[in-house]
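# Architecture at a glance
Below, each chain spelled out in residue letters.
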Amino acid sequence: MPSHPLARFAGCFATGAGAAAIALVGLDQAAPLAVPLKAAWLWLSGTGAVALGIALPTIARL
């Protein structure tokens, strides 16, 4: 894991957004979504991954 916090956050965001993009492809084929909804989906997924990247190590230390 990178030692700099911004590198860790960027990695978490990219991983979350990437996983969401894969899920979004299948979801969009089943029911086409508007572009703003797709952008919100990717943004919230990346942000959620960053939140987990902060919370999980903290919880593990308890």
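From a predicted model like this one, the values you see are computed outputs, not experimental measurements. (Residues numbered from 1 in each chain as written. Predicted model: local features only at pLDDT ≥ 70, side-chain atom pairs only at ≥ 80, totals over all residues. Heavy atoms only, no water.)

Between its terminal C-alpha atoms helix H1 (residues 5–30) stretches 38 Å, which fits the 38 Å expected from 26 residues at 1.5 Å a residue. Every buried residue of H1 is accounted for by Cys12, Gly16, Ala17, Ala20 and Leu24. Buried residues belonging to H1 abut helix H2 (35–61). (Helix = DSSP H or I, 4+ residues; strand = E, 2+ residues; numbered from the N terminus. Expected span 1.5 Å × (residues − 1). Buried < 20%, exposed > 50% of the residue type's maximum accessible area, 1.4 Å probe, protein only. Contact = heavy atoms within 4.5 Å.)

It is worth spelling out the packing of H1 against H2 at this point. Interhelical geometry of H1 versus H2 gives an angle of 140° and a closest axis separation of 7 Å. Regarding the angle of H1 to H2, the classification is oblique. Where H1 crosses over H2, the handedness of that crossing is right-handed. For the pair formed by H1 and H2, the contact residues are Arg8, Phe9, Cys12, Phe13, Gly16, Ala17, Ala20, Ala21, Ala23, Leu24, Leu27 and Asp28 on the first element and Lys38, Trp41, Leu42, Trp43, Ser45, Gly46, Thr47, Ala49, Val50, Gly53 and Ile54 on the second. Classifying every residue of the contact of H1 with H2 by side-chain character gives 15 nonpolar, five polar and three charged. (Axes fitted to C-alpha atoms, helices over the stretch in contact; angles between N-to-C directions. Parallel < 35°, antiparallel > 145°, perpendicular 65-115°, else oblique. Left-handed = near helix turned anticlockwise from the far one by under 90°. Nonpolar A, V, L, I, M, F, W, Y, C, P; charged D, E, K, R; others polar.)

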